[in-house]
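Residue strings, one per chain:
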Amino acid sequence: MANIMYGVSGQGFGHSARSHEVLAHLKKRGHNLLVLTYAQALGVMKKDFPTVEIPGLGLNYQNNRVSYSRTIYDNALMLFRSSTKWPTLLRRIRAFKPDLVITDFEPLSAVLAHFEDLPLISFNNQHQLTNTALSVPKKYQNEFRTTKLVIQSMIWGARYYLITSFFKTPITKPNTFLFPPVVREAVRRLKPRTGNSTLVYQTAEFDIFSELKKLAPKRFIVYCNREDSVDGNIRIKKHNPQTFLADLKNCNAIIATAGSSLAFEALYLNKPYFAIPVAKQVEQTINAIYIKKLGFGEWAEKFTAAKGKKFLSSLSVYRRNLQRHPKPTPTALFKKLDAIIKSLSHIT
């Protein structure tokens, strides 16, 4: 069995949700694990796996846009401030004696893999933009090129690229493999029903309360950073994993940004999706485009009551399209990962 160091991006919960499923599989296979992560993912991971907190490197958002200059500045500042912790971190890693490194879009673990001359496996959805052929509208070409450079600078030089996506695109780079999304077990166990409320997952990147009020008497459950309350046709709930799962199971549709994790879960549960991509995050724009292209929902750069009304009037159509779409399982991904680990652990 191999000693596997596994880096997980702590920005949001999507990376930790899918990587937790992969780590649970690796644990069952008898591998020794050491997880490197930070922020939101830290609490998720340390409950079930040996985990080391590391400096958090990620993207910076300003006014619903990715700020690349702030991203570079913040990441450089984080590395400088944490420089005194590097000797301890390196001692911990070297004592673990990793045979290989897996990274879910966590750049520090990738750097350490190169620094320690260890085989690196990249596991994420971001490299679909760099390692496959994507057709992107002309309007987003500049952002697309910039995003590709950011992705390539964050994670580079991997022996293998394992990519998850709900839509297929032609592979253009060697040792790249495309798989269906990894949906967490807690969601796979749900038995969805169609209730009367639309679930809204609101982040700091957008605020649509005023538009939702115009859609009364349609009912909405909005998760955001506010205390629980009721405002007309809107029930506001503070972020809570347990109640969110129940509302995800029972809602009639979802309105949220176009991040991969929630979109994957919604589509798995046959929930129509209205996507509002974070500006300048072309990965989310591409997700949103494909949600509409496949007939799973709608998208817009800015949500309005008129667009919401059109979306809600077509839920039965979206639901039929979703029901025809095959539900993903992680079997193929796990089989490929097992084969790669077996080959790489014999190399080191």
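Coordinates for the structure precede this section.
If you're wondering where the values come from, they're calculated on a predicted model, not measured in any experiment.

Student: Sorry, what's going on with the sheet that holds strand E7 (residues 120-124) here?
Tutor: Strand pairing in a sheet takes place through backbone hydrogen bonds and is either antiparallel or parallel in direction. Taking strand neighbours across the sheet as the criterion, the seven strands line up as E3-E2-E1-E6-E7-E8-E9 in an open arrangement whose pairing is parallel. The outermost strands of the open sheet, each flanked by one partner alone, are strand E3 (51-53) and strand E9 (176-179). Between one strand axis and the next, the sheet turns through 20° on average, direction left out of account. Pairing of strand E1 (residues 3-8) with strand E6 (residues 100-104) involves five bridges; the strand directions are parallel. Opposite Met5, over in E6, you have Val101 as the bridge partner. Contacts from helix H5 (residues 107-115) reach E1, strand E2 (32-37), E6 and E7, with the element oriented near 160° to E6.

Student: What exactly am I supposed to notice about the nonpolar core here?
Tutor: Proteins that are soluble and globular tend to have nonpolar side chains buried together. Formed by 61 residues in total, the largest nonpolar core has its most connected members in Leu248, Ile254, Tyr273 and Ile286. Ranked by the residues each element gives to this core, the list is headed by helix H11 (residues 260-268), at six residues. Discounting residues that sit within four places of it in the chain, Leu248 has contacts with Val187, Leu199, Ile254, Leu262, Glu265, Leu269 and Lys271.

Student: What am I meant to see in the sheet that holds strand E14 (residues 253-256) here?
Tutor: Taken together, seven strands build an open sheet; the order of strands is E12-E13-E11-E10-E14-E15-E16 and the sheet is mixed. The outermost strands of the open sheet, each flanked by one partner alone, are strand E12 (229-231) and strand E16 (297-299). The average angle at which neighbouring strand axes cross in this sheet is 20°, direction not considered.

Student: Would you take a moment to explain the pairing of E7 for this structure?
Tutor: Along any regular strand the residues' side chains alternate between the sheet's two faces. In terms of burial, E7 is largely enclosed, as five of its five residues are buried. In the sheet, E6 pairs with E7 via three bridges, with the strands oriented parallel. Paired with Val101 across the two strands is Leu120, which belongs to E7. For the crossover from E6 across H5 to E7, the handedness is right-handed.

Student: Is there a simple way to think about the packing of aromatic side chains in this case?
Tutor: How two aromatic rings sit relative to each other is set out by the distance from centre to centre and by the angle between their planes. Summed over all chains, the structure comprises eight aromatic pairs. With a centroid separation of 5.0 Å and 80° between ring planes, the pair formed by Phe166 and Phe167 is classed as edge-to-face. We note that Phe166, like Phe167, is buried. Each ring, one from Tyr201 and one from Phe244, has its centre 5.5 Å from the other, and the planes form 70°; the classification is edge-to-face. With Tyr201 in strand E10 (residues 197-201) and Phe244 in helix H10 (residues 241-250), this residue pair connects regions lying 43 residues apart in the sequence. Looking at Phe244, the relative accessible area reads 9%, which means it is buried. Of the aromatic side chains, those joined through ring pairs into one cluster are Phe166, Phe167, Phe264 and Tyr290. In this structure, Arg226 is placed above the aromatic ring of Phe209, and the distance from its NZ or CZ to the ring centre is 4.1 Å.

Calculation rules
Residues numbered from 1 in each chain as written. Predicted model: local features only at pLDDT ≥ 70, side-chain atom pairs only at ≥ 80, totals over all residues. Heavy atoms only, no water. Pairing = 2+ DSSP bridges. Helix = DSSP H or I, 4+ residues; strand = E, 2+ residues; numbered from the N terminus. Axes fitted to C-alpha atoms, helices over the stretch in contact; angles between N-to-C directions. Contact = heavy atoms within 4.5 Å. Core = buried A, V, L, I, M, F, W, Y, C linked by side-chain atoms within 4.5 Å. Buried < 20%, exposed > 50% of the residue type's maximum accessible area, 1.4 Å probe, protein only. Right-handed = clockwise from strand over helix to strand, strands pointing away. Phe/Tyr/Trp six-rings, centres within 6.5 Å; stacked < 30°, edge-to-face > 60°. Lys NZ or Arg CZ within 6 Å of the ring centre and 35° of its normal.

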